[in-house]
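Take a look at the letters that make up each chain.
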Amino acid sequence: MHAPDDVLTRLRAIGWPDDDAARQALAAAGGECLARVVAQHRSGYDVLPGPGEPVRRVQPPPAWTRPRFPPEQRAAVGDWVTLDGGGRDIVALLPRRSVLKRAAAGEHYRQQLIAANVDHVLVVVGLDQDFNPRRIERYLVVVRASGAAPVLVLTKADQCPVLDDCLALLEEVQAGGVPIHAVNAKDAESLRVLHPYLGPGRTVVLVGSSGAGKSTLTNTLLGVEKMKTGTVREHDSRGRHTTTFRLLTPLPQGGCIIDTPGMRELKLSGDEDVTDSFEDIEAIAAGCRFRDCSHGNEPGCAVQEAIAGGRLDAERFASYAKLRDERDAAATSLAQRRAEERVLSRALNKRLKDKYGRR
Ligand SMILES: Nc1nc2c(ncn2[C@@H]2O[C@H](COP(=O)(O)OP(=O)(O)OP(=O)(O)O)[C@@H](O)[C@H]2O)c(=O)[nH]1
Ligand SMILES: [Mg+2]
Ligand SMILES: [Zn+2]
């Protein structure tokens, strides 16, 4: 048996937060059977009971494997779970402090979890042809809905002759309160600026396109080449999708880092609030004649005036409008899916009641 303090130190080293909610959850669960999800495979989950301990392959509760089980209620990388006495099966998922998700690619609306219980989401963007302010805006909208704080990490600063120009294009992002760090992901010294986001009780996840340098950055922070990295194509800086699954790794200084495969597409899940990331446009829109102005062809539209007057970048507005429409469409699909789930769970409850009587 570990003494409770021991348990806490052990758990903090793998990112367990030390706040009231966490203390209550720990008291309720008992530290012995808590573990953190490190990776998810077809044949089960890899979990870590504590730092330096071997990773264990465990099985999910049977309910999670039902096809209709809502994906967001299954464990994701970064989740805390309780294990049964033998330590072989997951019994339950602990409440999350944050969860980063997107709509999965494909025809039918489905949410896909990227990581849970992270404090900061590091949006990793290469200062090569990967650099694209519009895509950065999209990432920030999705990250802001997670409950974790966004941080923009611009890699390959060592190879970028136009750093100041790139930073100038991110003026609104910076004004919106997102920290921006330009680094060389291969150089530990250069990554010191990221240390404030790391340490016991903390977790970061790296997201971005393939080839942006997520695994390079992970290796440099770790001090060992744990993750495989791959070169990018010369003509368009695209990576080769070297990382193929999400993986949580504890850091020597405490806390954890989650490396993820490069994303081809980041679709909004419908839970976002796009205006959060476009406060500059919201401020201008306060001057529109109509409260519900869509900033299209309405008379007295302050946003259109600002674009015409050169005070607002037309491309930034176009990006805002596109994300707003995409969010609204996703929110409609999400509401529909939730309604279907309610009908299904009512039907299931009725069947159980018919079979077993009043429960
Ligand atoms: N010079 C320089 N090269 C970098 C930097 N960051 C990454 N690279 C190079 O960029 C290439 C891609 O890096 P990876 O770390 O594999 O990229 P990734 O984001 O993990 O890519 P996926 O796993 O495919 O999603 C490698 O050749 C790295 O050496 C940097 O800051 N400076
Ligand atoms: Mg990688
Ligand atoms: Zn308007």
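Residues numbered from 1 in each chain as written. Chains lettered and ligands numbered in written order. Predicted model: local features only at pLDDT ≥ 70, side-chain atom pairs only at ≥ 80, totals over all residues. Heavy atoms only, no water.

1. Things to note about the overall build of the protein chain
- From N to C terminus, the protein chain includes nine helices and 13 strands.
- Relative to its 359 residues, the protein chain shows a buried fraction of 47%.
- As presented, the protein chain carries roughly 18,400 Å² of accessible surface, and 50% of it is formed by carbon and sulfur atoms. (Helix = DSSP H or I, 4+ residues; strand = E, 2+ residues; numbered from the N terminus. Buried < 20%, exposed > 50% of the residue type's maximum accessible area, 1.4 Å probe, protein only. Areas by Shrake-Rupley, 256 points an atom, 1.4 Å probe, with all protein chains shown as cover.)

2. Some remarks on the nonpolar core
- In this structure, Trp16, Leu152 and Val207 are the most contacted members of the largest nonpolar core, which totals 65 residues.
- Examining the composition of this core, we find that six residues originate from one element, helix α3 (residues 133-144), more than from any other.
- Setting aside residues no more than four positions away along its own chain, Val207 makes contact with Leu100, Ile114, Val121, Leu122, Val123, Val124, Tyr139, Lys214, Thr260 and Met263.
- Membership of the second largest hydrophobic core comes to 18 residues, among which are Val183, Tyr197, Leu221 and Leu222. (Core = buried A, V, L, I, M, F, W, Y, C linked by side-chain atoms within 4.5 Å. Contact = heavy atoms within 4.5 Å.)

3. What about the coordination of the zinc ion (ligand 3)?
- Ligation of the zinc ion (ligand 3) by protein atoms is provided by Cys288 (SG), Cys293 (SG), His295 (ND1) and Cys301 (SG), these donors lying 2.2 to 2.4 Å from the ion.
- Donor residues for the zinc ion (ligand 3) sit on one chain with the sequence pattern C-x4-C-x1-H-x5-C. (Donors = N, O, S within 2.8 Å, 3.2 Å for Na, K, Ca; no water.)

4. A closer look at the sheet that holds strand β10 (residues 180-182)
- The mixed open sheet is built from six strands, whose spatial order is β10-β9-β8-β11-β13-β12. The sheet terminates laterally at β10 and β12 (247-250), the two strands that pair on one side only. On average, each strand axis in the sheet is inclined to that of its neighbour by 25°, with strand direction left out of account.
- Judged from the four bridges that link them, β12 and strand β13 (residues 256-259) form a sheet pairing that is antiparallel. The residue bridging Pro250 from the neighbouring strand is Cys256, located in β13.
- Lying over the sheet, helix α6 (residues 214-222) contacts β8 (120-126), β9 (149-155), β11 (203-207), β12 and β13, oriented at roughly 155° with respect to β13. (Pairing = 2+ DSSP bridges. Axes fitted to C-alpha atoms, helices over the stretch in contact; angles between N-to-C directions.)

5. What to know about the coordination of the magnesium ion (ligand 2)
- For the magnesium ion (ligand 2), the full set of protein donor atoms is Ser215 (OG) and Thr243 (OG1), at a range of 2.0 to 2.1 Å. Remark: Thr243 occurs in the loop between α6 and β12 and Ser215 occurs in helix α6; sequence separation between them is 28 residues. Assigned by exposure class, Ser215 and Thr243 land together as buried.

6. A few points about the packing of aromatic side chains
- Applying the stated criterion across every chain, the model contains four aromatic pairs.
- Judged by centre distance (6.0 Å) and plane angle (85°), the ring pair of Tyr45 and Trp64 falls under edge-to-face. Taken together, the residues span a long stretch of sequence, with Tyr45 in strand β2 (residues 44-48) and Trp64 in the loop between β3 (56-58) and β4 (80-83) at a distance of 19 residues.
- The class of Trp64 is buried, set by a relative accessible area of 8%. (Phe/Tyr/Trp six-rings, centres within 6.5 Å; stacked < 30°, edge-to-face > 60°.)

7. Regarding the site of ligand 1
- Neighbouring residues of ligand 1: 24 residues in total, closest Ala185, Ser210, Lys214, Thr216 and Thr243.
- Note that a nitrogen atom of ligand 1 is positioned 2.8 Å from one of the side-chain N or O atoms of Asp158.
- Examining the composition of the shell around ligand 1, we find that three residues originate from one element, α6, more than from any other. (Near = heavy atom within 4 Å. Polar contact = N/O pair within 3.5 Å; in protein donor to acceptor, adjacent residues only side chain to side chain.)

8. Digging into the pairing of β4
- Burial along β4 is two-sided: the residues Trp80 and Thr82 and Val81 and Leu83 are all buried.
- Pairing between strand β1 (residues 34-41) and β4: three bridges, direction antiparallel. Across the sheet, Arg36 pairs through a bridge with Trp80, a residue of β4.
- Bridge analysis of β4 against strand β5 (residues 90-93) gives three bridges, and the strand direction is antiparallel. If you follow Val81 over to β5, its bridge partner there is Leu93.
- Following β4, the chain reverses through six residues before pairing antiparallel with β5; Gly87 in that reversal takes a positive phi of roughly 70°.

9. Quick word on the pattern of salt bridges
- A full pass over the atoms with the stated rule returns 20 salt bridges.
- Residue Arg57 pairs with Asp46 through a salt bridge whose shortest N-O separation is 2.6 Å. One end of the pair, Arg57, is in strand β3; the other, Asp46, is in strand β2, with 11 residues separating them in the sequence.
- Note on Asp46: relative accessible area 13%, which makes it buried. (Salt bridge = Lys/Arg side-chain N within 4 Å of Asp/Glu carboxyl O.)

10. Here we look at unusual backbone geometry
- For Asn117, which is not a glycine, the phi torsion comes out positive at approximately 55°.
- Examined against the element boundaries, Asn117 turns out to sit in the loop between β7 (111-116) and β8.
- Even without being a glycine, His241 presents a positive backbone phi close to 50°.
- With respect to the secondary-structure elements, His241 resides in the loop between α6 and β12.
- Look at His241 and you get partly exposed, because its relative accessible area is 27%.

11. Focus: the UniProt feature "domain: EngC GTPase" (unreviewed entry) in the protein chain
- In the UniProt entry, the feature "domain: EngC GTPase" (unreviewed entry) is given for residues 116-264.
- The span residues 116-264 is 21% helical and 21% strand by assignment, and the distance between its end C-alpha atoms comes to 21 Å. (UniProt positions renumbered as here; feature names shortened; annotations may be inferred.)

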